[in-house]
Protein chains: 2
Amino acid sequence: MDVFETKDKYLKVLKERSTLPEGFKTAVQAFEFFPVEREVIEPMKMNMTLIELEKPTEAFAGVFTRNAFPGYPVEIGRHLLNEEKVSGVLINNRISNVRCQNGRETALNITEKLAEIRQRKHPYFPSSTGIIGWKLPEQVMLKHLNPLSDKLNDDPILSAAEAIMTTDAFPKVRSIEFEGGRICAIAKGAGMIEPDMATMLVFILTDIDIKRDELRALFSPLINRTFNRISIDSDQSTSDTALIFSSGLKPCSSLSAFEDALQTVCLSLSEDIVRNGEGTSHLIRVTVSEADTVDEATALGKALINSPLTKTAIFGNDPNVGRFLQAMGDYLGGNGVSIDPEKIEISIGGHIVYHGGVFTLDGEKEKKLSNYMKDCSFVNSEGFPPHEQSVDMNIKLGRGSCGSQVLGSDLTYDYVRENADYRT
Amino acid sequence: MDVFETKDKYLKVLKERSTLPEGFKTAVQAFEFFPVEREVIEPMKMNMTLIELEKPTEAFAGVFTRNAFPGYPVEIGRHLLNEEKVSGVLINNRISNVRCQNGRETALNITEKLAEIRQRKHPYFPSSTGIIGWKLPEQVMLKHLNPLSDKLNDDPILSAAEAIMTTDAFPKVRSIEFEGGRICAIAKGAGMIEPDMATMLVFILTDIDIKRDELRALFSPLINRTFNRISIDSDQSTSDTALIFSSGLKPCSSLSAFEDALQTVCLSLSEDIVRNGEGTSHLIRVTVSEADTVDEATALGKALINSPLTKTAIFGNDPNVGRFLQAMGDYLGGNGVSIDPEKIEISIGGHIVYHGGVFTLDGEKEKKLSNYMKDCSFVNSEGFPPHEQSVDMNIKLGRGSCGSQVLGSDLTYDYVRENADYRT
C-alpha cells in the first residue's frame, strides 16, 4: 500500500510503472479546435493518443460497454474483434462520438487515414471519450495525424495516460513484471465529475506471448471480476472499453500465472479509477461472503455501495449501520431472496455492528468507527491520491459458500457541485 | 394545480382537505423521553398518534415494505391482516422499532394495553418510524396511552398529519368527496433527509362502504400504480406501510368510481411525498410510452430518475440529454432489452431533444430548456411547497403500446449535507 505525500512523488512512482513492454510505441498530439455545435469564444483542446504495435498482432481482445446506446467507436470496435490482425488504437478525449450525424463514417475516415499514413494494412481501433452527442472535429483531427505519427516513441506510457484524461483527477498507470516481460495498463474515468466524460477506457499492453484464443477466453471473465465490480455512478457509459494487446515477444511458461498477474494489474487499476474522482473522499470496499452464488454476492455488494444513503453516510464518517441494513434489505426483498436476519453478520473496519438479528453498536463503538472512517478519508484535489486506505465493510450472509468484493465511492458535495454545475 | 404563497395559505388549504370521514376519531399525545441507547442531555420528543374507528371494521387492507429486514410493526401488521376486525392504528415517530431486542413484544404490549384502555376486543395496528435499531421507550409510551385516549376527537386530521412527521418539510393531506362521503389520506416520508426516518407511512380513511374483499383486491395494485412509482433514494425502507380503513357508513354505487377517486388521492399524495424533502428542488415526472409492458416502462422510468447523473443535471437546470440517454441505455443494455436507437424519441417540457437516432439539441433549445427547469424549481425550507410544477420528460420507446409514469426528485447539496451530517 503506497502513501504519496506530494504530486511529484506520485508522478515519480507512476513513471517507474510506465516502462513500455517491448514491441510498442506511443505518441500524443495536442491541438485546439472550434466545435460546430456551439459558439465558443475560446477554442477547445483535444489530445489524440496513439498506441501502436511495432508489428500488427493477432493476439488482442476487447470488452465493451453493455449500454444499449453505444458510441460509434464501440460499434466499430466490436467488428474489429473479427480482424485477423490489428495495428493499435487511436484515442481522443473531449468528444465521445455518440449519437451524432455520420459519427461512424468520421471514426472510420480518421483511423483509415492513420493506417494509410502509417502504411499499415491492418486497422486501428478508434476510441473516443468526452461530450456525448457532439461531432468529432474530423478535418482538424485528420490534419494532426501526420505530426502524431512523427512523434511515435518508446518513452514511458505516462504521457499517454495523461493525454487520455478528461476530468480525471490524476493519471492512472499500473504494471507488473512477468517472466522477463511485463504487463502495463493505463485507464481513464470513471464517473464523479462531468459524467458525460465518465467513460472508462482501459488499455493493456504486454509483451508476454499469449495466443489470441487464450487471451480472449480469459479476458472477459477477468474484466468481470475487476473493472465490472467497481461502481461510482452505477451507470455504464455509452463508450466503456477495455482493450488488451500482446506483442508476443516474450515466452510465457504458465497461462494461469499470467492470468494472476493480469488480475493484479486490473484490480489495482480499478481501485485507482474509484479513487480518481475529485468528488470522492472515501474508497469503499464491500466484501460479501457466505452467499449462495458469486452473482448474488456481487449484486448485493453493488446494491449496498450504490445506495445514496450508504454513500452519504460514509462521506459523513457516520457508521450508520441502520442504513446499510436497509439498503441490503431493499435489494434482497426486492429480488425475492429469502434470508434469515438472525444469520447475517455485518462488520466495519473489523468491528461487528450487526449480529444475531440485532444491531450491536453502542456509543463507544460508534465513535471508534467514525474515527476509522475519518482516517480512511482523503481529498485529492491536488492531483494525486494521498493514500490507498479504504473503508472495509464485511457482510456474512450465512447462506452458502460464495463471495465477492466490490469497490465504490462516497457521495459528496463536490460530486453534486461538479455534476450540477459543469455545463450551465 | 395549486400555488401557495405562504405557509399559512398552505395550512389553510390542508385544513380544508382534513375533514374526517364519518366514523373516525383521532388523537395526538406529545411527550419527552430519554433513550436507553445513548446518553443525551436534552430529552428527545415523541408523538403518539391514534386513528380509531368508532366501531371496529372488517373493511381494511394493508400493503407493507418488501424490504427483507422489516420492522416489528410491519411483521405484526402482516399478521393482523388476518383478523376479523380491527379498531385502528397507533403511530409513533422518532424510533422505528427495527432489529432491536424484544421489539416485537414491546409493540404488542403497547397496542394491547391501548385496546384494554379503549375496551376494544379488536386490535390496533402498531406503526413506528424513526431511528433504526433503537428501542421504543415502552414504559413512557404505556404511561401516555391514557391521556392519548382521553384526547380522541373528530377535529380535522391535519394535527395527526403533523404529528406523524419526522423530518418531513411539511404535513401532507389529500382528500376527495365521493357520493356523499369522502376519502381522506395522510402521509409521512420519504427519503431525502435523515433517511433512517424516511419510512413512508400512508393512512387512508373513508366512510364509503367497500367490502373487505373488494378493498383488498384493488388496494395492492393501486399502491403499485401510485406510491410504488415514486423514487427518492431508490430504497424501500424497513417500515414502509400503507393502510386503508372503511367505516362503511356511506353506500357506494360504483366500485370502479371509488377506485378512480382513491387513485386520485394516492397520486397527489405521492407527489407531495416527493416534493416534501428539504433537499428536493425539482419534482421530475417521467412518462414512458410505447413500451412492450407496463413493467418495462416503469423500470426504465425508475432507472432514469434514480440515476445520480440525471438527478444532479436537473438540480443544475441542465437539459443534459446525453446523460439521460446514457442512464436509459445502461438499464436497457444491462437488462438485455434490445432496442432500436432510431425509434426512440425523448422530449423535455414539450421540446424534442432526441429523435431519429441522434440528438436534436442546439444552443437555443438548450437555453429554453434550462429556463424551463429553473421555472420548475423550488425550495421549501419554509415548510410549504410553493407550487406544484414538475420537470416533465417523455420517452417514446417505439416498441409497443404500454406506458407508465414515475416521479422522482433531484440530487442537491442539501441532500448530501442533511444525509452526511445528521448524526456525527
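All of these numbers come straight from a predicted model, not from anything done at the bench. (Residues numbered from 1 in each chain as written. Chains lettered and ligands numbered in written order. Predicted model: local features only at pLDDT ≥ 70, side-chain atom pairs only at ≥ 80, totals over all residues.)

Q: Looking at this structure, how should I read the interface of chain B and chain A?
A: The extent of an interface is frequently quoted as the accessible surface area lost upon association of the parts. In this complex, chain B contributes 56 residues to the contact, which on the side of chain A involves 57 residues. Among the elements of the structure, α10 (308–315), α11 (321–334), β14 (358–359), α12 (363–376) and α13 (413–421) of chain B are those that each provide at least two residues to the side of chain B that touches chain A. A per-element tally of the side of chain B that touches chain A places α11(B) first, with 10 residues. In terms of residue class, the side of chain B that touches chain A is built from 22 nonpolar, 22 polar and 12 charged. (Contact = placed C-beta atoms within 7 Å. Helix = DSSP H or I, 4+ residues; strand = E, 2+ residues; numbered from the N terminus. Nonpolar A, V, L, I, M, F, W, Y, C, P; charged D, E, K, R; others polar.)

Q: Would you take a moment to explain the sheet that holds strand β10 (residues 241–250) of chain B for this structure?
A: Note: strands within a sheet are paired through backbone hydrogen bonds, in either parallel or antiparallel orientation. All names here are of chain B. Across the sheet, 5 strands lie side by side as β3-β10-β8-β7-β6; this open sheet has mixed pairing. Only two strands of the sheet have a single neighbouring strand rather than two, namely β3 (60–64) and β6 (172–178). Adjacent strand axes in the sheet meet at a mean angle of 10° when their direction is disregarded. Relative to β10, strand β8 (residues 201–208) runs parallel, the two sharing 7 bridges. Bridge pairing links Leu205 to Phe245 in β10. Its contacts with the sheet put helix α8 (residues 255–275) on β6, β7 (181–188) and β8, and the angle it makes with β6 is roughly 165°. (Pairing = 2+ DSSP bridges. Axes fitted to C-alpha atoms, helices over the stretch in contact; angles between N-to-C directions.)

Q: In this structure, what is going on with the domain arrangement of chain A? I would like to understand it.
A: One can read the domain layout of chain A as domain 1 (7–275) and domain 2 (283–421). Each of domain 1 of chain A and domain 2 of chain A has a C-alpha centre, and these two points are 31 Å apart. (Domains from an automatic or database assignment.)

Q: It is not clear to me how the packing of helix α9 (residues 294–306) of chain A against helix α11 (residues 321–334) of chain A should be interpreted in this structure. Could you clarify?
A: When two helices pack together, their arrangement is captured by the angle between the axes and the distance separating the axes. All names here are of chain A. α11 packs onto α9 with a crossing angle of 130° between their chain directions and a minimal axis gap of 9 Å. With respect to α11, the axis of α9 lies oblique. Relative to α11, the crossing made by α9 is right-handed. Counting all contacts with α9, which are made through Leu300, Ala303 and Leu304, the residues of α11 involved are Phe324, Ala327, Met328, Tyr331 and Leu332. Among the residues making up the contact of α9 with α11, the classes are represented as 8 nonpolar, no polar and no charged. (Parallel < 35°, antiparallel > 145°, perpendicular 65-115°, else oblique. Left-handed = near helix turned anticlockwise from the far one by under 90°.)

Q: Looking at this structure, how should I read the nonpolar core?
A: Side chains of nonpolar character tend, in soluble globular proteins, to be buried together. With 242 residues, the main nonpolar core has A:Ala185, A:Val202, A:Phe203, B:Ala185, B:Val202 and B:Phe203 as its most contacted residues. Those residues in contact with B:Val202, other than ones at most four positions away along the chain, are B:Ala185, B:Ala187, B:Phe227, B:Ala242 and B:Leu269. (Core = buried A, V, L, I, M, F, W, Y, C linked by C-beta atoms within 7 Å. Buried ≥ 20, exposed ≤ 12 C-beta atoms within 10 Å, placed from the backbone.)

Q: Can you help me understand the packing of helix α10 (residues 308–315) of chain A against α11(A) in this one?
A: All names here are of chain A. At a closest axis distance of 9 Å, the pairing of α10 and α11 adopts a crossing angle of 160°. By the criterion of interaxial angle, the relationship of α10 to α11 is roughly antiparallel. By crossing handedness, the relation of α10 to α11 is classed as left-handed. When α10 is examined against α11, the residues Leu309, Thr310 and Ala313 are found in contact with a partner set consisting of Arg323, Phe324, Gln326 and Ala327. Across the contact of α10 with α11, the residue classes break down as 4 nonpolar, 2 polar and 1 charged.

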